[in-house]
Amino acid sequence: MASEISVEDQVLVETVRKNGIGILRNLLSPEEIKAVRKEFDQAHLDLGKGPGTPGVRDSMSGEALLAYPNMAALYSHPRIMNIISTMLSEPTPWVWVVKTNRYTPEHIGVQKHTDGFLGELAPPFTRQAMAVFLDDVDEESGALTYVPGTHLMHFNDNPNRLPPTQEDIDAGDYIPATPKAGDVVFRVPEVWHAVIPIRRMRRYVTASYSIRGQVSETMSERMSQAIAQRKKIPRDNIPERLQPYWIWD
Ligand SMILES: O=C(O)CCC(=O)C(=O)O
């Protein structure tokens, strides 16, 4: 599925490989942001999440989101997919999770953590996340903080390596990333990250992808469960462009 990657996107891929996080700026135009926000807010009302409660993080996931065309299109956006595919060295990455997140202010933010599985090392670069931001964040509200390079400590390419602990993660030296509406954050799930307190609405559309080869034991179990679930969903419910990423076999 992957096509030739631009020099700009190749530079981004190298940044994400090295630091664990990189931002593609201004993927969406102001009109496109408006269209996605409208569907995002409507989906929350339709799916029972309401207009947002201060202090609450609302997450929605699964195929119900695919009924909203502007939002669903992001999960298989050609430029995003080309970057994901290059990151994973996987021609047709598998989309594990399609999701949205909405934090209604004032929200305390998110504690320091990894999305790797604690106690387990994983083969390098088997998973990749993306998040299309619909609101600006900055160092006063909602910045995503992270410790550059810490994803590498979760990889099993060094026989002497021990999996990092939560104590290690808490002691990291975090720096802010400040995506604006229309930007895409690419994050290697294992990188240590957190979110500072949120003073303005913070919404984004996100997905997590994996390779189709050897992954960690825990990831393999999670994937098997998701694949079994997904077999029950009629293929016609899935937008055509997303199907190659959605289907396992
Ligand atoms: O909201 C964010 O930007 C990151 C949330 C987070 O830490 C996570 O989903 O693992």
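Here, every reference points to the structure presented above.
All values reported here derive from a predicted model rather than from experimental measurement.

Participant: Looking at this structure, I do not really get the sheet that holds strand β5 (residues 127–133). What am I missing?
Facilitator: Neighbouring strands of a sheet are bound in pairs by backbone hydrogen bonds; such pairs are parallel or else antiparallel. The antiparallel open sheet is built from six strands, whose spatial order is β1-β8-β5-β10-β3-β2. If you trace the sheet from one side to the other, it starts and ends with β1 (21–24) and β2 (57–61), each paired once. Shown here is a sheet whose adjacent strand axes are inclined to one another by a mean of 20°, direction ignored. Relative to strand β8 (residues 184–187), β5 runs antiparallel, the two sharing four bridges. Bridging from a neighbouring strand, M130 pairs with F186 of β8. In the packing of helix α1 (residues 7–19) onto the sheet, contacts are made with β1, β5 and β8, and the angle to β1 comes to roughly 155°. Where helix α2 (residues 30–46) meets the sheet, its contacts fall on β2, β3 (94–103) and β10 (202–210), and the angle it forms with β10 comes to roughly 90°.

Participant: Honestly, the packing of α1 against helix α4 (residues 78–88) in this entry has me stumped. Any pointers?
Facilitator: Describing two packed helices takes the angle between their axes plus the distance from one axis to the other. Across the interface, α1 lies against α4 with an axial gap of 10 Å and an inter-helix angle of 50°. In terms of their interaxial angle, α1 and α4 are classed as oblique. Considering only the axes of α1 and α4, their crossing is right-handed. Taken together, the residues of α4 that come into contact with α1 (itself represented by E8, D9, Q10, L12, V13, V16 and R17) are R79, I83, T86 and M87.

Participant: Just to check I follow, could you spell out helix α6 (residues 217–230) for this structure?
Facilitator: With 14 residues, α6 should reach 20 Å at 1.5 Å per residue; the first-to-last C-alpha distance of 20 Å fits that figure. The complete set of buried residues in α6 reads T218, M219, M223, A226, I227 and R230. Down the axis of α6, the buried side of the element spans an arc of 165°, and every buried residue falls inside it. Opposite the buried face of α6, at more than 90 degrees from it, the exposed residues are E217 and Q225. On its buried face, α6 sits against β3, β5, β10 and α7 (243–246).

Participant: Would you explain the site of the ligand in this entry?
Facilitator: Contacts to the ligand come from R57, Y103, V110, H113, D115, L144, R187, H193, V195, R202 and Y204. A distance of 3.1 Å separates an oxygen atom of the ligand from a polar atom in the side chain of R57. H193 has a polar side-chain atom sitting 3.1 Å from an oxygen atom of the ligand. Starting from 290 Å² of accessible surface for the ligand in isolation, the protein chains cover 89%.

Reading the values: the criteria
- Residues numbered from 1 in each chain as written.
- Predicted model: local features only at pLDDT ≥ 70, side-chain atom pairs only at ≥ 80, totals over all residues.
- Heavy atoms only, no water.
- Pairing = 2+ DSSP bridges.
- Helix = DSSP H or I, 4+ residues; strand = E, 2+ residues; numbered from the N terminus.
- Axes fitted to C-alpha atoms, helices over the stretch in contact; angles between N-to-C directions.
- Contact = heavy atoms within 4.5 Å.
- Parallel < 35°, antiparallel > 145°, perpendicular 65-115°, else oblique.
- Left-handed = near helix turned anticlockwise from the far one by under 90°.
- Expected span 1.5 Å × (residues − 1).
- Buried < 20%, exposed > 50% of the residue type's maximum accessible area, 1.4 Å probe, protein only.
- Arc of directions from axis to C-beta.
- Near = heavy atom within 4 Å.
- Polar contact = N/O pair within 3.5 Å; in protein donor to acceptor, adjacent residues only side chain to side chain.
- Areas by Shrake-Rupley, 256 points an atom, 1.4 Å probe, with all protein chains shown as cover.

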